[in-house]
Amino acid sequence: MIDILRIPDRTEIISENAKNDAKVTFELKDGRLGVYLYADNEHPCFVRLRWNHRTDKPVKILGDIWERSYGNLEWRSMNEDRALPWYFLANDGKDTVGCGVMVHPNSFVSFLYDPMGVTAYIDVRCGAVGVELSGRTLHCCDIVCEKYEGISTFEAAKKFCHAMCPSPILPKKPVYGGNNWYYAYGKSSRQEILADVELLSSLCEGNSNRPYFVIDDCWQINPCAGPWVANEKFGDMKTLADEIRKRDVNPGIWVRLLHDIDFEEAHPEWCIPKRGERGIYLDPSRKEVMDYVREVVRRIKDWGYEILKHDFSTVDMFGSYDFQLNGFITEFDGWSFFDKSRTGAEIMLDLYRVIKEEAGDMMILGCNTASHLCAGLCEINRTGDDTSGKDWNRTRATGVNTLAFRMAQNGAFYVIDADCVGILDDNIPWELNGRWLDLLAKSGTPLFVSAKPESLTEEMKVALKEAFARSSVQTDVAQPLDWEYNKTPVVWSINGEVVEYDWFTEELPKCLKHCHQN
């Protein structure tokens, strides 16, 4: 099996100018291969490393995604044209090898696996142009590689995720509860939130570990954008947090920190240049923007919210969602952040560090966050694209897939949020949503439910009470058993017992227009 924990057989530097003063050095120590890049006048874009290795028997490869997955995680054959962000697993039917980088790299690293070897593509650009190190030595990343014998591919994946992230931050107690997005879809009010909270509180009666309710996009003046002040339907956000807490529920709130329409109009010079058809967003490489981020996070903390769900940081910074990419972090050329002396990964890491620093004991729930950069800087991470309260096939594709294929990261990088059970009228058969609820409740991961109160039958309420009680302690151990050959696993081990979930019979699969499967 492949071993990349050694000096590469070939090293290349790809730069935007030909000054020829850049050089790469390596340090092999404590089971890690450190990669360092020095440059003075040269502006490097990529470092490409190659390890020669002939693969002469069948192997299966599992790769990862820069940020959330889009129903596209699965074991596949070798494909030298498919990039594998952050890490990959290779299995030959007997042993499993994990190859990747430690969390918090100062670059975006992806791998390419072909029959003759492995290539690492280390993206050190500032946006989409070469970084200006000006005599600085950049610690690009630490490469790790481990071989696992005599255990399942899932157990190997868990061990390797723990190896890449030795110091995660995790919630002090299990997190579960409600969210209003998948029935309200951005249209709500203070009164509706409090009605949701009262329902959630009643469904969690008797649970010593109380639930959370996360107010999603709907509370602020502009849809999906700042300024982060309440609209007329919500009023004072501090007293709303107090009202939620009086109902024995912990308050949480959603925010998009790099998009504030008023701030962007007042200071266009503090924004990232427009890319393609996307608008302009705040540039976190600027001190003024980071001061703004600090102020928003402090304000929300002072209001008394206990979960801060921050969203859109990857797409707002780099202009692309993962399904639009293959190895690169942006699909647009020729743009950069204001501070060209730092890589895009360094700038994103600094953003996540500032958010966590200001949040203090307020938990961070990342969404559209770069997984290897937010690990250790958020307690909870949304690991897949949106599920649905309207379309079961979308929930199946994004929810079940991300739960199965990112389960190994749970408790290793953070706890994973595979997204909600959405209950909106009779759009989704309860037989299917009930199974999704059951699996989430028994998965040992956070369970969030987004339910229109009028849509709930007594049967649903009974099931929700049982699921919330179970999720309030999260002592279950679950793993997919058929994940090596099934993108949407139906056979699971729950506490050692084999359980089968039929995701298909009541509603047949269909081509999904907005579920991107590259």
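Treat the numbers as computed from the prediction; the structure is a model and nothing was measured.

(A) How the structure looks around the packing of aromatic side chains. What the rule picks out here adds up to 30 aromatic pairs. Relative to tryptophan 483, the ring of phenylalanine 405 has its centre 5.3 Å away and its plane inclined at 40 degrees; by these criteria the two rings are tilted. Placement of the pair is phenylalanine 405 in helix α10 (residues 392-405) and tryptophan 483 in the loop between β24 (478-480) and β25 (491-494), with a sequence separation of 78 residues. Take phenylalanine 405: its relative accessible area is 5%, and that puts it in the buried class. Classification of tryptophan 483 by relative accessible area gives buried; the value is 3%. Pairwise contacts between aromatic rings join Trp66, Trp86, Phe108, Phe318, Trp335 and Phe337 into one cluster. Sitting over the ring of tyrosine 38, lysine 23 keeps its end group 5.8 Å from the ring centre. Across the ring face of phenylalanine 312, the terminal group of arginine 256 is positioned such that the distance to the ring centre comes to 3.9 Å.

(B) Representation of the packing of helix α3 (residues 190-203) against helix α4 (residues 237-246) in the model. One way to put it is that α3 packs onto α4 with a least axis distance of 10 Å and a crossing angle of 20 degrees. Relative to α4, the element α3 is oriented roughly parallel. In this structure, the crossing between α3 and α4 has a hand that is right-handed. Where α3 approaches α4, its residues Arg190, Ile193, Leu194 and Val197 are matched on the opposing element by Thr239, Leu240, Glu243 and Ile244. Across the contact of α3 with α4, the residue classes break down as five nonpolar, one polar and two charged.

(C) Region of the structure containing the layout of surface pockets. In this structure, the largest pocket occupies an estimated 400 Å³ of space. In terms of lining, the largest pocket is formed by 27 residues, of which the most central are Arg68, Asp311, Phe312, Arg382 and Asp386. Breaking the lining of the largest pocket down by element, the ones donating at least two residues are α2 (181-184), β18 (307-311) and β19 (363-367). In this structure, the second largest pocket encloses a volume near 340 Å³. When its residues are assigned to classes, the lining of the second largest pocket shows ten nonpolar, five polar and three charged.

Cut-off values and rules
Residues numbered from 1 in each chain as written. Predicted model: local features only at pLDDT ≥ 70, side-chain atom pairs only at ≥ 80, totals over all residues. Heavy atoms only, no water. Phe/Tyr/Trp six-rings, centres within 6.5 Å; stacked < 30°, edge-to-face > 60°. Helix = DSSP H or I, 4+ residues; strand = E, 2+ residues; numbered from the N terminus. Buried < 20%, exposed > 50% of the residue type's maximum accessible area, 1.4 Å probe, protein only. Lys NZ or Arg CZ within 6 Å of the ring centre and 35° of its normal. Axes fitted to C-alpha atoms, helices over the stretch in contact; angles between N-to-C directions. Parallel < 35°, antiparallel > 145°, perpendicular 65-115°, else oblique. Left-handed = near helix turned anticlockwise from the far one by under 90°. Contact = heavy atoms within 4.5 Å. Nonpolar A, V, L, I, M, F, W, Y, C, P; charged D, E, K, R; others polar. 1 Å grid on protein atoms, 1.4 Å probe; cavity = no way out; pocket = protein on both sides within 12 Å on 5 of 7 lines; lining within 4 Å. Points joined across faces, edges and corners; volume = space filled by probe spheres on them.

The values reported here are purely geometric and, on their own, carry no functional implication.
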